[in-house]
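# Commentary on secondary and tertiary structure
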Amino acid sequence: MRTCSVFSSPGVRPQNEDTIFAEGEIFILADGLGGHADGKIASELAVQTISRLFSQENPAEFVIGGRRMEEAELMQAFLMDVIRQAGAVVLQEARKRGSNMATTVTAVILNGEKGYCAHVGDCALLISEDGSLPPVHLTVEHRRGASLNRTLGSNEQVTPDLMAFSASPTGFFLLGCDGFWEHVGDQEISRLVMETPDYLLAERLGQTALKNGSSDNVSIVAVVGEHFSNAYAQSQVELERARINALPESAEKTSQMEALRGFANRHGIPFTNPLEEENQLLRAEIQTLESENRALKEEILSQHNIIEDLKKSIDLKSEEYQQLANQVKNSPTHYWRLRDVTLQLFAVIQRFNKLYPNEMISALSKPELERLGKIYQSLAAQKPPEK
């Protein structure tokens, strides 16, 4: 199993003339030349042609002169043919446009734990077959001074450098344009490879090149073997988690932490985040407080309803009391009923005052209550008149 990450940026330039392809067992990087638009067209044509031929043709069926070849010889012959076909496509388009456009290209195809590379120009293939550091520069630049002397599209027939290497799970390899490898040294590459989770490696290498002052487009393909990744995963998780925790809270921070969790899980590393655990405790405490707050609001509402019910009861008894008090003046036979209503009214008032000593009773004013109290005392001592 391998993990591939890619990075491509125009850097300080207005357009990115690099093109990357990284799918399955095929990895291609092309760096276009000849002006902004034409350079991009050249690199795209090369990558599209090579990836299509890689995908459509079976190297095992490739023959030269009627004879079949061993795998290494077969793959190299196949790569030679593919690169030359791509060069012809770019050259034809350049002539059609009347342009001097061209492109470099470095293409890798894997077959199990074996890798095969075709290289034209000044992109680089850096490889560590057994996990040792720093990685080895397997390719050389096709330059004469500051000028390239070998590109796709500049000649009728271009001859790529061909090479084979071990693509075992214990190692890794990088494809990088000159905007990358001219600005990130071997020791810095080694440090980043050891410190960075595999899914972030290309981006970290590319950002480092830009930070170090690269004035060109920067593009990288990083392919890391499972065993190599396992060797550094524990320390990578700790370093990356510390970096993410230092970020301000945001959706992006959450996304980065989840990606790191996936990386840790893939490597069987227990993933605990102290800050996240603290946040979870705080969230749980907030939920508890919110629940208690809801319960308190419900209790307040219930008490409010009780208050309103008691006030209504007092209002009703007060109204009945007033009516009977008026009737008593004209008919002594209402004394007993008035006494009964007075007792009921005071019972309600006493209950209300006991439950809510600070709550005002809207039905009766304080003087009315005092007067009612005196009437109550007088009535309570009396016996009902004879009928």
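The structure presented is a predicted model; accordingly, all values stated were derived computationally and were not measured.

As a further point, take the environment of Thr196. Inspection of the secondary structure assignment puts Thr196 in the loop between helix H4 (186-195) and helix H5 (201-211). Here Leu192 takes part through its backbone oxygen, which lies 2.7 Å from a polar atom of the side chain of Thr196.

Moving on to the sheet that holds strand E2 (residues 18-23). Across the sheet, 5 strands lie side by side as E2-E3-E4-E5-E10; this open sheet has antiparallel pairing. Only two strands of the sheet have a single neighbouring strand rather than two, namely E2 and strand E10 (161-166). For this sheet, the mean angle separating the axes of adjacent strands, direction not counted, is 10 degrees. Of the pairings in the sheet, the one linking strand E5 (residues 114-120) to E10 comprises 6 bridges and is antiparallel in character. By the bridge assignment, Tyr116 is partnered in E10 with Ala164. Packing of helix H2 (residues 71-97) onto the sheet brings it into contact with strand E4 (102-111), E5 and E10, and relative to E5 it is tilted by some 35 degrees.

Aromatic ring pairs are defined here through the distance separating the ring centres and the angle between the ring planes. Taken as a whole, this structure holds 6 aromatic pairs when the rule is applied. The interplanar angle of 50 degrees and the centroid separation of 5.7 Å between the aromatic rings of Tyr199 and Phe263 together place this pair among those described as tilted. Of the two residues, Tyr199 is situated in the loop between H4 and H5 and Phe263 in helix H7 (residues 251-266); the sequence distance between them amounts to 64 residues. Given the relative accessible area of 26%, Tyr199 is considered partly exposed. Relative accessible area serves as the criterion here: at 1%, Phe263 is assigned to the buried category. An aromatic cluster is defined as three or more aromatic residues linked by ring pairs; in this entry it consists of Phe27, Phe165 and Phe173. Against the face of Phe271 rests Arg241, its NZ or CZ located 5.6 Å from the ring centre.

Moving on, we get to the nonpolar core. One finds Ile28, Ile50, Phe54, Ile83, Val105, Ile109 and Leu152 to be the most contacted residues of the largest nonpolar core, which totals 28 residues. Mapped by element, the contributors of at least two residues to this core are strand E3 (26-33), helix H1 (36-56), H2, E4 and E5. At 8 residues, the largest contribution of residues to this core is made by H2.

Turning our attention to the packing of helix H6 (residues 226-245) against H7. Contact pair H6 / H7: the axes reach a minimum separation of 10 Å and the direction vectors enclose 160 degrees. What the angle tells us is that H6 and H7 run roughly antiparallel. The two elements H6 and H7 cross, and the hand of that crossing is left-handed. In contact with Ser229, Ala233, Gln236, Val237, Glu240, Arg241, Arg243, Ile244 and Asn245 of H6, H7 contributes Lys253, Gln256, Met257, Leu260, Phe263 and Ala264. Taken together, the residues of the contact of H6 with H7 break down into 7 nonpolar, 4 polar and 4 charged.

Quick notes on the rules
Residues numbered from 1 in each chain as written. Predicted model: local features only at pLDDT ≥ 70, side-chain atom pairs only at ≥ 80, totals over all residues. Heavy atoms only, no water. Helix = DSSP H or I, 4+ residues; strand = E, 2+ residues; numbered from the N terminus. Polar contact = N/O pair within 3.5 Å; in protein donor to acceptor, adjacent residues only side chain to side chain. Pairing = 2+ DSSP bridges. Axes fitted to C-alpha atoms, helices over the stretch in contact; angles between N-to-C directions. Contact = heavy atoms within 4.5 Å. Phe/Tyr/Trp six-rings, centres within 6.5 Å; stacked < 30°, edge-to-face > 60°. Buried < 20%, exposed > 50% of the residue type's maximum accessible area, 1.4 Å probe, protein only. Lys NZ or Arg CZ within 6 Å of the ring centre and 35° of its normal. Core = buried A, V, L, I, M, F, W, Y, C linked by side-chain atoms within 4.5 Å. Parallel < 35°, antiparallel > 145°, perpendicular 65-115°, else oblique. Left-handed = near helix turned anticlockwise from the far one by under 90°. Nonpolar A, V, L, I, M, F, W, Y, C, P; charged D, E, K, R; others polar.

None of the figures reported here should be taken as evidence of function without further support.
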